[in-house]
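Read off the chains here:
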Amino acid sequence: MTSSPPGAFTRDIPFSDADFRAIARLAQERFGLSLAESKKPLVYSRLSRRLKSRQVGNFTDYLALLERSEEEAERLELISALTTNVTSFFREKHHFDALAEGLAQRVTAGQRVRIWSAGCSSGQEPYSIAMTVLDTVPEAARADLRILATDIDPKIVRKARDGVYSAEDVAGIPAPMRGKWTKATNATGKTYGVTRALKDLITFNELNLMVDWPFRGPFDAIFCRNVAIYFDQETQRRLWQRFSAMLNPDGLLFIGHSERVTGPALQTLTAFGITSYRKARAGVPPALQ
Ligand SMILES: C[S@@+](CC[C@H](N)C(=O)[O-])C[C@H]1O[C@@H](n2cnc3c(N)ncnc32)[C@H](O)[C@@H]1O
């Protein structure tokens, strides 16, 4: 009996280093994703399913297919296959506490408030933002407050818009909020839908963060958590700078637990808590604020 050497993985479709590099180049150019060599087995396992479902026998033909103008749907399948959508309600709760504290005054005063969940995945993040805001300032429902939630992956945006989750998913919502803002979708109690009041605050859209953004903001808070981690350093630095330009003075930026703002954005953004940044007021350097 023969056995595979440790670390080897079996492939029924050939996948050369050149194939991997071609996929990595495309992922980088189109979506800003940085695929390290160590991701080769993962990329193979996710993309070989796409090749089989399209009945394509090798990666060269698959790459050629992706270039065809009518294959937009397959390019979107590629994004879904290469990215991870892991998320949860109230992930890193301290960000929501900081949001409530930072925005309550503006909302109560009836000022315009805009929040962006960039890379919102299946919606748990923007719905957590909406629950936080409505719980902190009940008048928010009638105030000039809107949440924009965007993601590159159309399938995940549809799921987010639907706002239906498993009982395990909603267990992550603190109990009093869970009872108030979610309702069982049927008698089995296995799935829960978020209430209309939450949905009414949020606009969901597909958006690739790598392209020009079709809006000018400004925003009072931006959540972009556990998204930039997939981008290379230069792409991350550019992204932080673009977010900073989109924030109002005193606006807040929340990023993922293993991410850090780097590069020129640090001239305008100053850290005030764990992975939390505040935009400087015009003309006053962050260090003096
Ligand atoms: C791990 S999830 C993070 C979800 C949520 N922000 C959180 O922290 O729980 C990463 C999300 O980023 C999205 N994403 C990856 N590349 C993107 C890009 N270039 N533009 C927009 N979204 C992107 C993925 O589709 C995925 O839903």
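Residues numbered from 1 in each chain as written. Predicted model: local features only at pLDDT ≥ 70, side-chain atom pairs only at ≥ 80, totals over all residues. Heavy atoms only, no water.

S.K.: Go over the sheet that holds strand β4 (residues 182-184) with me, naming the residues and quoting the values.
M.R.: Taken in spatial order, the three strands line up as β3-β5-β4 in an open sheet, and their pairing is antiparallel. Among the strands making up the open sheet, the edge pair consists of β3 (164-166) and β4. Strand after strand, the sheet turns through a mean of 35 degrees between neighbouring axes, direction not considered. Across three bridges, the pairing between β4 and strand β5 (residues 191-194) is antiparallel. Residue pairing in the sheet places Ala184 in a bridge with Tyr192 of β5. (Pairing = 2+ DSSP bridges. Helix = DSSP H or I, 4+ residues; strand = E, 2+ residues; numbered from the N terminus. Axes fitted to C-alpha atoms, helices over the stretch in contact; angles between N-to-C directions.)

S.K.: Account for the pairing of strand β7 (residues 219-224), naming residues and giving values.
M.R.: Judged by how many residues are buried, β7 sits mostly within the fold: six of six residues are covered. Where strand β1 (residues 113-118) meets β7, three bridges bridge the pair, whose relative direction is parallel. Considered in β7, the bridge of Ser117 is made with Phe223. Sheet topology places β7 next to strand β8 (residues 247-255); five bridges connect them, and they run parallel. Opposite Ile222, over in β8, you have Leu253 as the bridge partner. (Buried < 20%, exposed > 50% of the residue type's maximum accessible area, 1.4 Å probe, protein only.)

S.K.: Requested: an account of the domain arrangement of the protein chain, with residues and values cited.
M.R.: Domain boundaries in the protein chain define domain 1 (17-82) and domain 2 (93-288). Between the C-alpha centres of domain 1 and domain 2 there is a distance of 30 Å. Interface of domain 1 and domain 2: buried area, both sides summed, is about 830 Å²; carbon and sulfur atoms make up 54% of it. Run the count over domain 1 and domain 2 and you get one salt bridge. At the junction of domain 1 and domain 2, the tally comes to five residue pairs in polar contact (both at pLDDT 80 or more). Elements with a minimum of two residues in the side of domain 1 that touches domain 2: α1 (17-31) and α4 (72-82). Element by element, the count of residues in the side of domain 1 that touches domain 2 is highest for α4, at four residues. Here the residues of the side of domain 1 that touches domain 2 are counted per class, giving four nonpolar, four polar and two charged. (Domains from an automatic or database assignment. Buried area = accessible area lost by both parts, 1.4 Å probe. Salt bridge = Lys/Arg side-chain N within 4 Å of Asp/Glu carboxyl O. Polar contact = N/O pair within 3.5 Å; in protein donor to acceptor, adjacent residues only side chain to side chain. Nonpolar A, V, L, I, M, F, W, Y, C, P; charged D, E, K, R; others polar.)

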